[in-house]
Amino acid sequence: MAARLSLRDVTLRFGGVKVLQDVTFDVAPGVILGLVGPNGAGKTSLFNCISGHYKPTGGSVAIDGTEVVGTAPSKLVRLGLARTFQHPALQLDATVLENVVLGGHTRLPGGPVSWSLRLPHTQRAEREIRGEALSLLERANLGWAANLPADELSHGLHKGIELCRALLSKPSLLLLDEPAAGLSHGEVEQLIDTVRRVRADEDITVVVVEHHMGLISALTDRVVVLDHGRKLMEGTAAQAQSDPRVIEAYLGKDAADDAA
Ligand SMILES: Nc1ncnc2c1ncn2[C@@H]1O[C@H](COP(=O)(O)OP(=O)(O)OP(=O)(O)O)[C@@H](O)[C@H]1O
Ligand SMILES: [Mg+2]
């Protein structure tokens, strides 16, 4: 079966700084892959290369076999890609529901002209998308907040809203950048449950960047470890946690020697 996401020798330079070097891995359909590594390893930069926010200096990014380097982020949404950001960017003066509904705009039939005329089929599609947005919020235990302005909610809840917004585009490939950062223990449990349920109910492949090793162990089938822009290893979360190269990258050489 073709990989849902295929990276070959992805390289990214800013001036003289090599942020990513020859990163190569595949993610098979239906897999939840963890992308881990110390601060500054290049995880968010790699997401930006996949989602079209950065153009890699070299290498290839393919989604379901289609080369996407150079494709604009808005077009990638139509190819089934959705992502969340390390620092959620919500419309703070809009309601929670309105923020989630934004994720469905690519599913509206027609274009800007028919949208502004609000023709009957546009209105029908809008109602359907609002209904789905509400049920996504309810599934994430956020239904109670649907009509509140987003700025009245905590950072942790913003992460949940952003996840619902990403899911509304019905992605086949979902990139989550530190979804558990700043979440309480209960919120992390809720997040694990939501992502598991989404994977079980829909044909979705997930790549999740996270420092929360509990979440990585509970949720992922495989992990890729990045360090200084290079792939250090690939395997299960348990293999990564006991790999001396990974321990050294996180804690230094002494810790790796002690663990050996
Ligand atoms: N637009 C940019 N211009 C210059 N340097 C950048 C840019 N974006 C990222 N970098 C550099 O690339 C390196 C990797 O950063 P990146 O944010 O991808 O790391 P990360 O693994 O996501 O780290 P963290 O876990 O802290 O989020 C850093 O040294 C960062 O300063
Ligand atoms: Mg990052």
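Throughout what follows, the structure given in this document is the object of discussion. (Residues numbered from 1 in each chain as written. Chains lettered and ligands numbered in written order. Predicted model: local features only at pLDDT ≥ 70, side-chain atom pairs only at ≥ 80, totals over all residues. Heavy atoms only, no water.)

## Structural notes on the packing of helix 5 (residues 120-139) against helix 6 (residues 155-168)
Line of reasoning, step 1. With their axes 10 Å apart at the nearest point, helix 5 and helix 6 run at an angle of 140 degrees to one another. For the element pair helix 5 / helix 6, the angle class is oblique. The element helix 5 and its partner helix 6 pack so that their crossing is right-handed. On helix 6, the residues touching Ile129, Glu132, Ala133, Leu136 and Leu137 of helix 5 are Cys164, Leu167 and Leu168.
Line of reasoning, step 2. For the contact of helix 5 with helix 6, the per-class residue count stands at 7 nonpolar, no polar and 1 charged. (Axes fitted to C-alpha atoms, helices over the stretch in contact; angles between N-to-C directions. Helix = DSSP H or I, 4+ residues; strand = E, 2+ residues; numbered from the N terminus. Parallel < 35°, antiparallel > 145°, perpendicular 65-115°, else oblique. Left-handed = near helix turned anticlockwise from the far one by under 90°. Contact = heavy atoms within 4.5 Å. Nonpolar A, V, L, I, M, F, W, Y, C, P; charged D, E, K, R; others polar.)

## Quick notes on a nonpolar patch on the surface
Line of reasoning, step 1. Together, Phe14, Val17 and Tyr54 make up a nonpolar patch on the protein surface, roughly 270 Å² of accessible area in all.
Line of reasoning, step 2. Checked against the element boundaries, Tyr54 lands in the loop between helix 1 (43-50) and strand 4 (58-63).
Line of reasoning, step 3. Under the relative-accessibility criterion, Tyr54 is labelled partly exposed at 30%. (Patch = residues over 30% accessible without salt bridge, like charges linked within 9 Å, V, L, I, M, F, W, Y side chains within 5 Å. Areas by Shrake-Rupley, 256 points an atom, 1.4 Å probe, with all protein chains shown as cover. Salt bridge = Lys/Arg side-chain N within 4 Å of Asp/Glu carboxyl O. Buried < 20%, exposed > 50% of the residue type's maximum accessible area, 1.4 Å probe, protein only.)

## Side note on the site of ligand 1
Line of reasoning, step 1. Surrounding ligand 1, one finds 14 residues, the nearest of these being Gly40, Lys43, Thr44, Ser45 and Gln86.
Line of reasoning, step 2. A distance of 2.9 Å is found between an oxygen atom of ligand 1 and a backbone nitrogen or oxygen belonging to Gly42.
Line of reasoning, step 3. When isolated, ligand 1 has an accessible area of 640 Å², and the protein chains bury 62% of it.
Line of reasoning, step 4. Broken down by element, the residue count for the shell around ligand 1 peaks at 3 residues, all from helix 1.
Line of reasoning, step 5. In terms of residue class, the shell around ligand 1 is built from 5 nonpolar, 7 polar and 2 charged. (Near = heavy atom within 4 Å. Polar contact = N/O pair within 3.5 Å; in protein donor to acceptor, adjacent residues only side chain to side chain.)

## Description of the pattern of salt bridges
Line of reasoning, step 1. Scanning the model with the defined rule gives 10 salt bridges in all.
Line of reasoning, step 2. Here Asp203 ties to Arg4 by a salt bridge, and the two come within 3.5 Å at their closest N and O atoms. With Asp203 in the loop between helix 7 (185-201) and strand 8 (205-209) and Arg4 in the segment before strand 1 (5-14), the pair connects residues that are 199 residues apart, well separated along the chain.
Line of reasoning, step 3. A salt bridge links Arg199 to Asp221, with the nearest nitrogen and oxygen atoms 3.0 Å apart. Separated by 22 residues along the polypeptide, Arg199 in helix 7 and Asp221 in the loop between helix 8 (213-219) and strand 9 (222-227) bring together distant segments of the chain.
Line of reasoning, step 4. Asp221 gets classed as partly exposed once you look at its relative accessible area, which sits at 34%.
Line of reasoning, step 5. A network of salt bridges, in which partner residues are shared, links Arg4, Asp64 and Asp203.

## Concerning the sheet that holds strand 10 (residues 230-235)
Line of reasoning, step 1. The strand order 6-7-8-3-9-10 describes an open sheet built from 6 strands, whose pairing is mixed. What marks the edges here is a single partner per strand, and that holds for strand 6 (81-83) and strand 10. When the angles between neighbouring strand axes are averaged without regard to direction, this sheet yields 20 degrees.
Line of reasoning, step 2. Relative to strand 7 (residues 173-177), strand 6 runs parallel, the two sharing 3 bridges. By the bridge assignment, Arg83 is partnered in strand 7 with Leu175.
Line of reasoning, step 3. In the packing of helix 1 onto the sheet, the strands contacted are strand 3 (32-36), strand 6, strand 7, strand 8 and strand 9, and the crossing angle to strand 7 comes to about 150 degrees. (Pairing = 2+ DSSP bridges.)

## Considering the nonpolar core
Line of reasoning, step 1. Leu137, Leu174, Val195 and Leu215 are the most contacted members of the largest nonpolar core, which totals 46 residues.
Line of reasoning, step 2. Looking at which element gives the most residues to this core, the answer is helix 6, with 7 residues.
Line of reasoning, step 3. Not counting chain neighbours up to four residues away, the residues in contact with Leu215 comprise Ala180, Val188, Leu191, Ile192, Val208, Glu210 and Thr220.
Line of reasoning, step 4. Counting 28 residues, the second-largest nonpolar core is a separate cluster that includes Leu7, Val19, Val68 and Leu226. (Core = buried A, V, L, I, M, F, W, Y, C linked by side-chain atoms within 4.5 Å.)

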